[in-house]
Every structure is written in C-alpha cells, then in structure tokens.
Amino acid sequence: MSTSHTVSDAVPAAKKVEGAPAVAAAPAARSGLTARHLVLAAVALLLAAWGFLPEFSVTLLNYIGLYALVALGLVMLTGVGGMTSFGQAAFVGVGAYATAWASTSPDAAALFGALPPALLPWAGLVLGLVLTFAVAWFLGSITLKLSGHYLPLCTIAWGLSLYFLFGNLEFLGGHTGLAGVPPLVVAGFSLASPRVLGLLIWAVVLLGLWALHNLLDSREGRAIRSLKGGRVMAESMGVDTGRQRIKLFVLAALLAAVSGWLYAHLQRFVNPTPFSLHIGVEYLFMAVVGGAGHLWGAVLGAALITLLKEQLQDWLPRLLGSSGNFEVIVFGLLMLFVLQRFADGLWPQFAGWTRRWLRPTPVKLPAAAPLPQRALPQRGQVVLEASEVTKRFGGLVANNAVNLHVKAGEILALIGPNGAGKSTFFNMISGVDDPTSGEVRLMGQAMKGKPSRAFAALGLSRSFQHVRLLGQRTVLENVAVGAHLRASRGWIASMLRLDRAEEAAVLAEARRQIERCGLGAHADTPAASLALGQQRIVEIARALASQPAVLLLDEPAAGLRHLEKQALAKLLDQLRAEGLGILVVEHDMEFVMNLADRITVLEFGTVIAEGTPAEVQGNQRVLDAYLGGSDDLGVAA
Ligand code: ADP
Ligand code: MG
C-alpha cells in the first residue's frame, strides 16, 4: 500500500499527498506555482524592500506583525477550535510587563543577579511565558470543562481585572507604566532600531505560521479541528478533547505573550492602555474579519484592521468635528457586514482568487510502514457485556434493565421500533453517556464512569446514527481520525514536522480502509459532498481505522442502495470472519435477518425477545410490537 495519489493534472503521482484539497478547481488555467512559491516570493520582495521602506511603513508593518501574532492564536482558538477569548490583550500585557519589569526593576536585577544586563530581556521572555502558561492553564482548566459561555465570560473577567491590576500595582508603575525598557540584544548586536527589530517580529510571525500550519496538518491537527462541533465523535475515537482545548487556549495565550514581549522592546515603555478589554475585542475582530479558520487570515485581518484604524483615526474626528474612539463603532458595523456577507472571513475570498492559477502545495510523505496492530481476542470470547443497564431521562425510562453480550466473531443485531432506546443503549455501551444503573463490561473490565476514549483504547469503535463527520475535511482526513490512538506523535513533534513517518502510516491505513469500504474514488473529496449513505460508510471506515475488536454500528444501511447494502453485508461478514464482535442496530429486516447470528429485540426500552433470526421472526411479541408500531418487520411479516 503506498500513500501516493495524484493531486492534480500536472503533478506526477509519486509520493504526493495533497494538504488542502482544491474543491471544484479549474485546472486548465493553473500555472506550476504553488501557494508556497507565492509566500516565498512575497517574503523575498519584502526583505529586499525592507531597507528602503519609509520609517512610517516599517512601524506600521511592525505593528501588523505584532497583532498578527495574537490574531494567529485566536484563529487557532476561535476559528479552528470553536472557543472565544476576549482576554488576549491581557496575555499580551503579561508578556510585555514581565519583560519590562525583568529588564528595568532593581528587584529583578537582584533576582536574576548572575545575568548580564543584555540577557535580562530573555529572562523576561521566559518569565512572561511561564506566567502566561500558568494563568492560561489555570483559567482553561476551570472553565473549559464547563460548556457554554463560561470561557468567554471568564476571559472578559480576566481581561478587565488584569487591566486594573496593571494600573494599580506600584512596582509596575501604576497607570504611568514602566519606562526605560532596553532594546533587545542578540549576540552583541542591538535590535534598537524598529527596522531591525521588525525583521525579528516578522521572522517570529512566519515561524508561527509554519509551525501552526504543520500542526493543523497532522494527527493532532485533526483532533484540534474536531473540537468545533465534533467532540463526541473525537472522544469516541480516543481524543482527549478537554486536554486539547486547554492546550489550544494555552497556545493562543503564549503567542499573545510573545507578541507582548516584542512590543515592549519595540515601544521601550509599557503602560496598561494597550492591554485593555477594548483591545482584546479588537484582536478578535482581526481574527474573525481576516478569516477565523485560516492561518493567513490572521495576517490579513491584522493588516486590514491596523490600516483601517489608522485611516479612521485621521478621518472620523475631522468628519464628526470632535475626537473620540469612533473607529470602534465603525469596526462593529464592519464586522457585522463582513460576517453577513462572508461568514468565514475575508481570507477564503482571497484564497479563492489565487486558487484559479495556483496548484495546491504538494506534501511529501515518506514511504509508509504499517501501524501497530491490536491482538484480537479469541473467537467466542465475550468482549462486551451489558448487565441490567437502565437509563432514565427524567421520568422516561429509555433503557430498562437491558442484558446483552457480544462475542468475538459474531454479529448481534439490536432491533426495535423507533424510540425503543437503541441509540440510547449504544451511548451507554460506548461511554458517551453513563447508565443510571447497571454495568457495562468491555474486554472483561468494568467501565463505570469511564469516558468514551477509554472504550476506544480498549478496542471499541462505533458509527453514529446521525453522521458525525468533519464536513469540510476530506474523507481521508475523516477516516484518519479513527487511527488517532494507533499513533502517538504530539503537538511539538507535529509543529516541527517530526511526525512524517507516522503520518504516512496513518494516512496509508486510512486509505486502505476507505478502499476496503469501496469509497476509494472519494478519498480526497470533502465528506459533506458525499451522499448520506456514503457518509455512513465513511463512518464505518473511520471506525475500522482504529482496528477495533468490537464494532458498534447504528443504522449503517440507512440510505444505501441495494447494491451498496450487499457490499456492506459482505464487508461485515468478512469482519466477522476476522474475529470482530459486531453489534448493529438496523431497520432493514432483510439485511438483519440474512446477516446476524443473534438478534435482540427492544421495545419501550425493554428486551422483549432474543435468539436466532428464525426464533425472533416467529416470536408473537415481536410481531405484535412491529405490526402495532410504525415499522414493519419486512420479511418476517
Ligand atoms: P431509538 O434509537 O431506538 O430510535 P432512542 O434511543 O433514540 O431510540 O430514544 C429512546 C427514547 O429516549 C426516546 O423516547 C427518546 O425521545 C428518548 N431520549 C433519547 N435521548 C434523550 C435525551 N438526551 N434526553 C431525553 N430523552 C431522550
Ligand atoms: Mg436510534
């Protein structure tokens, strides 16, 4: 199995995997250029012009770089991860004040006694990062476990209180702030001139873009992308989404702190004003207007807002005949307009134009080694067991003392009219929800109170009745999420591209499962563009990518055509032969009766019959339940 496939017309097939698929691209007009070429050209151009730009342009570009760094964190947090923070300016403040204090205060000089003065700003950087890390981890861990608006509210409180704290702490200079911040010195070379420091600022921005781009294009990146709207699914695939959320919040805060550190040494003094809640909102504008889900949107947003603010501050007072922060009102209106017209911000528009004549940057992956394999349990061994599982929703008993077990190498079907409690039972035995009473044992282990990722770790994988896919991502990426626990490279390794061998193995495995499920032709299409029946098959491929021992499928055949159903039955038959224990909920009785070894029938949350297909079809209670209900038993009737 190789990872290679053709990206587009002009690209040789060998070892090229496309990072972001071009949807409905028109290949005819494309040049050989990729987006990467364009970036390199822009950087080279800017670098060549840097020495000749007017002072004013350099200052503006420096500020755009500093803001872009903060907006970059917000793009990751808000656009990609679906969390909102109004408090980024306060983190910028922590970075700025930490270095200002470290490099000006006599107390700091005493604390860092052994350090030569040129190294104090670097001690300030470390101090700022450590403080930011601690605060962000703390805020994240108390708010991110709670759903809803706790995080935004908490960041508002944090933004407000830190601003007043800066203004009232004697040793930070109160509202006057700290002056006399020294310039950065690197290897004896002073970065006092904004023109020189600007090079460092933009180097950091580009480095950040590169690292975050790498991060998003990795195992951890897929986990991060699933935080927004796919958390239940991701947990079922073994992702610790709570931890990923905290890490993302910390990452965004650290980027803001680095921006603050650079800011302090550019401005050479700090006071509380630029770290207020008001500026925190402006950072959010930048990320959202630029393109909340796109890394380059951060740069675009920072540039637009900075330039616009610059112009508005000139023009508005003249137009209105009085001075004030009128630009805030214009920003608010602008944001409404942009979000109304371009829900994903302006970057996708921009990228859309360039895509006409750019081809996607090919991503080279090494040859893929196979992923580690799980030792499957002995055929006939009980792998999943539910005893007396009861689930109440208020007064409604959705599952009433359900007993059921699945053995390795068999297919058990769970059937019952709509509302019988089948999906609820699926959630009980996959850790999505906890039973009110009763016990679930997986591979012989009691699973009470364990999260669904613990079920995944033991070898259980599932599909969802209401398909849970990352619609904008390709089928390949979606299926690769299933292999999350078979790989281990973390954030840092992904950012530094040290995960390529493992990534190749994961993608090769995903591709293998996609082909096995008959969707090979669709591997590189966004999942949302597939028919619903095919999306269900993608869910099965994703479950298989985890190499499960127990497979739970909730209505896998719904929406499939006859031939597709036959193919699915063949696949499940094959999986059973390989020794998997399979539990399937299905309405198509012909499908179930031909495939299942045993059938359990649920009605109003209670098991009313169980046995072989023949036994169940002859059971009077089952016939009554089906003939009385809206479903019919198909071949059984
Ligand atoms: P099935 O999958 O067999 O069609 P479900 O398990 O989806 O049935 O639903 C069983 C019963 O539990 C239904 O009456 C449904 O309305 C109820 N139910 C399911 N989930 C919830 C929930 N989260 N809160 C309240 N009631 C629920
Ligand atoms: Mg259901």
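Up top is the structure.
Description of the structure in this document. (Residues numbered from 1 in each chain as written. Chains lettered and ligands numbered in written order. Predicted model: local features only at pLDDT ≥ 70, side-chain atom pairs only at ≥ 80, totals over all residues. Heavy atoms only, no water.)

Remarks on the sheet that holds strand β7 (residues 411-415)
Read across the sheet, 6 strands follow the order β10-β11-β12-β7-β13-β14 without closing on themselves; strand pairing throughout is mixed. This sheet does not close on itself; its edge strands, each paired only once, are β10 (460-462) and β14 (606-611). Strand-to-strand, the axes of this sheet are offset by a mean angle of 15 degrees, without reference to chain direction. As defined by bridge partners, strand β11 (residues 550-554) adjoins strand β12 (residues 581-585) across 5 bridges and the pair is classed as parallel. Bridge pairing in β12 links Leu552 to Leu583. On top of the sheet, helix α20 (residues 532-544) reaches β10 and β11; it is set at about 165 degrees to β11, its chief contact. (Pairing = 2+ DSSP bridges. Helix = DSSP H or I, 4+ residues; strand = E, 2+ residues; numbered from the N terminus. Axes fitted to C-alpha atoms, helices over the stretch in contact; angles between N-to-C directions. Contact = heavy atoms within 4.5 Å.)

A closer look at the packing of helix α3 (residues 88-104) against helix α6 (residues 150-168)
Helix-helix packing is described using two parameters, namely the angle between the two axes and the distance between the axes. The interhelical angle for the contact between α3 and α6, taken along N-to-C directions, is 30 degrees, at an axis separation of 9 Å. For the element pair α3 / α6, the angle class is roughly parallel. Between α3 and α6, the residues in contact are Ala90, Phe91, Gly93, Val94 and Tyr97 and Trp158, Gly159, Leu162 and Phe166, respectively. Residue composition of the contact of α3 with α6, grouped by class: 7 nonpolar, 2 polar and no charged. (Parallel < 35°, antiparallel > 145°, perpendicular 65-115°, else oblique. Nonpolar A, V, L, I, M, F, W, Y, C, P; charged D, E, K, R; others polar.)

Considering the site of ligand 1
Taken together, Phe393, Leu396, Ala398, Pro417, Asn418, Gly419, Ala420, Gly421, Lys422, Ser423 and Thr424 make up all the residues around ligand 1. One nitrogen or oxygen atom from the main chain of Gly419 is found 2.8 Å from an oxygen atom belonging to ligand 1. In the model, an oxygen atom of ligand 1 is placed 2.6 Å from a nitrogen or oxygen of the Thr424 side chain. Considered on its own, ligand 1 offers 560 Å² of accessible surface; in the complex 58% of this is hidden by protein. At the level of elements, β6 (396-407) and α15 (422-429) are the ones that each hand at least two residues to the shell around ligand 1. Broken down by element, the shell around ligand 1 gets its largest block of residues, 3 residues, from α15. Classifying every residue of the shell around ligand 1 gives 5 nonpolar, 5 polar and 1 charged. (Near = heavy atom within 4 Å. Polar contact = N/O pair within 3.5 Å; in protein donor to acceptor, adjacent residues only side chain to side chain. Areas by Shrake-Rupley, 256 points an atom, 1.4 Å probe, with all protein chains shown as cover.)

Description of the nonpolar core
Within the largest apolar cluster, 95 residues are counted, with the highest numbers of intra-cluster contacts made by Met76, Leu212, Ile224 and Leu248. Ranked by residues supplied to this core, first place goes to helix α10 (residues 241-267) with 15 residues. Counting 41 residues, the second largest nonpolar core, distinct from the first, contains Val475, Leu519, Leu560 and Leu572. (Core = buried A, V, L, I, M, F, W, Y, C linked by side-chain atoms within 4.5 Å. Buried < 20%, exposed > 50% of the residue type's maximum accessible area, 1.4 Å probe, protein only.)

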